[in-house]
Amino acid sequence: MNNAAMTISERLWQGEAPMEDWTAAVAGGSITPVGEDVVVVHTSYVFGNVTAIRTADGLVLIDTGSRETGDQTFAAIRKWDDRPVHTVIYTHGHIDHTFGVHLYDAEADQHGVPRPRIVAHRSVLERFSRYDATHGLNSVVMGRQFNMPGYAFPDQHRRPDQIYDDVFGLDVGGVHLELIHGRGETDDATFVWMPQERVLVSGDFIIWAFPNAGNPRKVQRHAPDWAHALRKMEALAPKAVVPGHGPVVFGAARAKALLDDTASVLESLTHQALKLLNEGKTLEEVLVGVEQPAELLAKPYLKPKYDDPEFVIRGIYHLYAGWFDGNPAHLKPAPAAELGRELAALCGGAAVLAERAATLLKDGKTRLAAHLVELASAAAPEDAAVQRVRADVYAGCAAAETSLIGKAIFSVYRRDAETRS
Ligand SMILES: [Zn+2]
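Conventions we followed
- Residues numbered from 1 in each chain as written.
- Predicted model: local features only at pLDDT ≥ 70, side-chain atom pairs only at ≥ 80, totals over all residues.
- Heavy atoms only, no water.
- Phe/Tyr/Trp six-rings, centres within 6.5 Å; stacked < 30°, edge-to-face > 60°.
- Helix = DSSP H or I, 4+ residues; strand = E, 2+ residues; numbered from the N terminus.
- Buried < 20%, exposed > 50% of the residue type's maximum accessible area, 1.4 Å probe, protein only.
- Contact = heavy atoms within 4.5 Å.
- Expected span 1.5 Å × (residues − 1).
- Donors = N, O, S within 2.8 Å, 3.2 Å for Na, K, Ca; no water.
- Core = buried A, V, L, I, M, F, W, Y, C linked by side-chain atoms within 4.5 Å.
- Domains from an automatic or database assignment.
- Buried area = accessible area lost by both parts, 1.4 Å probe.
- Arc of directions from axis to C-beta.
- Pairing = 2+ DSSP bridges.
- Axes fitted to C-alpha atoms, helices over the stretch in contact; angles between N-to-C directions.

Draft legend 1. Fine view of the packing of aromatic side chains. Tallied over the full model, the rule gives eleven aromatic pairs. Ring geometry for W13 versus W208: centroids 6.1 Å apart, planes at 85 degrees, classification edge-to-face. Placement of the pair is W13 in helix α1 (residues 3-13) and W208 in the loop between β11 (199-203) and α8 (223-235), with a sequence separation of 195 residues. Of the two residues, W13 and W208, neither departs from the other in class, the shared state being buried. Measuring from centroid to centroid gives 5.9 Å for F191 and F205, while their planes differ by 90 degrees, and the two rings are edge-to-face. With F191 in strand β10 (residues 189-194) and F205 in the loop between β11 and α8, this residue pair connects regions lying 14 residues apart in the sequence. The exposure class of F191 is buried, given its relative accessible area of 0%. Ring pairs connect the aromatic residues Y90, F128, Y131 and F153, which therefore count as one cluster.

This is how it looks when you write it as structure tokens:
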């Protein structure tokens, strides 16, 4: 790791630097040694880390990097060691962790040697089948989440050669690794324990931000199991944690704090939500009733910069209770346009609804403003003045969010309103 990245890692831990500084410091590909024969390669916070392990029979890689920066990872690894890649472990099937694999396949083909063996949890296969079935949807969702209009989700996902279910002991060239399955951000996740070094490679169970366990446009996440997996990791007492994204955390005490705090925040939300669910509460009552653990959420590695605790509470509700929120009007709702026209007629027109939305926005009541402006827009979709207010409301909503996902979704509708105003 270069000095700038090392200094920034420390400042990140102290909560004194933004992740953007770290991304700038590792741009182009940066290496962190975590053992004599183990390095972690970073290219950016956004794209997953890659761990490379030197063995007598070749390299073992844990993840492979992204379509976007996989070539930087490849170059950094090849600068470090030139032996063939023997085995690749996917920590899960997300594309920023798997898609770099094509470079190593191509390299093997070029040298006329066997392609790397890919090892992953069984559910990675199901994920890739789902990706094939939902290619258009994934392109839309990712394009919106990261504001990349016209984004095309990759296809040609490289399937694992060897799958496992619960735990898997992997021996390559004198190095022993333990692969352990858990569910968290995904249902196909693996974390890797390196007993010789006492290093834990967590995959996206740890991402230097509040867990991405409630993403509104993605398949169901598993907050309770996520906490459970983190407790298993904590019990291993690692000396270093290699997260899915962001810098390596060194030292047993810091590793423990990171794992314990992240588990605790998920346990708190889960236990509180479950208690209310068991009392028969509605989604709204659960959202209001669960207290977000402010002290944990203020930790530098748990700030809700990517996902939002409120989304995670929804995710937990959905996991246990299905999609019905407990409001009977939402079971078989009227079309939005009909409801909008009805209310507009009652109050004197769509312009009146929009005007009230603008006032609420000024008062900082962005949630309420969003309801009224959507009703106005549904009642009069061609009204440019209504769309102007709508753009303002969603700009205000986006500004009020801390999470990238919340900001991004509101911004999609702000841009939509701008084009119609
Ligand atoms: Zn990731």
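Draft legend 2. View of the environment of A209. Examined against the element boundaries, A209 turns out to sit in the loop between β11 and α8. Here A209 falls in the buried class, since its relative accessible area comes to 5%. Through-space distance from the C-alpha of A209 to that of H245 is 9.2 Å; in sequence the pair is 36 residues apart. With sequence-adjacent residues up to four places away left out, A209 is seen in contact with Y45, Y301, L302 and K303.

Draft legend 3. Spatial organisation of the side chain of T51. With respect to the helices, strands and loops of the structure, T51 is situated in strand β3 (residues 50-55). Given a relative accessible area of 1%, T51 falls into the buried group. Dropping the residues within four chain positions of it, T51 is found in contact with V38, V39, V40, V60, L61, I62, V201 and V242.

Draft legend 4. Fine view of helix α15 (residues 366-379). For α15, which comprises 14 residues, the first-to-last C-alpha distance of 20 Å matches the rise-based estimate of 20 Å (1.5 Å per residue) to within 8%. With respect to burial, α15 is a largely interior element, ten of its 14 residues being buried. Listed as buried for α15 are T366, A369, A370, L372, V373, L375, A376, S377, A378 and A379. Buried residues along α15 sit in contact with α13 (336-347), α14 (350-362), α16 (384-400) and α17 (404-420).

Draft legend 5. Region of the structure containing the coordination of the zinc ion. Taken together, the protein ligands of the zinc ion are H97 (NE2), D204 (OD) and H245 (NE2), with distances of 1.9 to 2.1 Å. Mapped onto the sequence, the donors of the zinc ion take the spacing H-x106-D-x40-H. You can see H97 sitting in helix α4 (residues 95-98) and its partner H245 sitting in the loop between β12 (240-243) and β13 (249-250), a full 148 residues away along the chain. With respect to burial, H97 and H245 carry one shared label: buried.

Draft legend 6. Representation of the nonpolar core in the model. Counting 56 residues, the largest nonpolar core has F191, L200, F205, W208, L230, M233 and L266 as its most contacted members. Elements with a contribution of two residues or more to this core: α1, α2 (19-26), β10, α8, α9 (252-278), α10 (283-289), α11 (294-297) and α12 (309-321). Counting residues in each nonpolar core, the second largest holds 23 residues, with V85, V101, V124 and Y131 among its members.

Draft legend 7. Looking closely at the domain arrangement of the chain. Entries for the chain in the domain assignment read domain 1 (3-265) and domain 2 (334-420). Here domain 1 and domain 2 have C-alpha centroids that lie 40 Å from each other. Between domain 1 and domain 2, the residue contacts involve eight residues of the former and seven residues of the latter. The contact between domain 1 and domain 2 buries some 570 Å² in all, and 68% of this surface belongs to carbon and sulfur atoms.

Draft legend 8. Here's a closer look at α2. Listed as buried for α2 are M19, W22, A25 and V26. Down the axis of α2, the smallest arc covering the buried residues is 115 degrees, so these residues share one side. Among the exposed residues of α2, those pointing more than 90 degrees away from its buried face are E20 and A24. On its buried side, α2 packs onto α1, β1 (30-35) and β2 (38-42).

Draft legend 9. Geometry of the sheet that holds strand β4 (residues 58-62). An order of β1-β2-β3-β4-β5-β6-β7 is seen for the seven strands of this open sheet, with the pairing classed as mixed. Edge positions in the sheet fall to β1 and β7 (162-164), since each has one partner strand and no second. This sheet shows a mean twist of 20 degrees between the axes of neighbouring strands, independent of strand direction. Relative to β4, β3 runs antiparallel, the two being bridged by five bridges. Residue pairing in the sheet places T55 in a bridge with G58 of β4.

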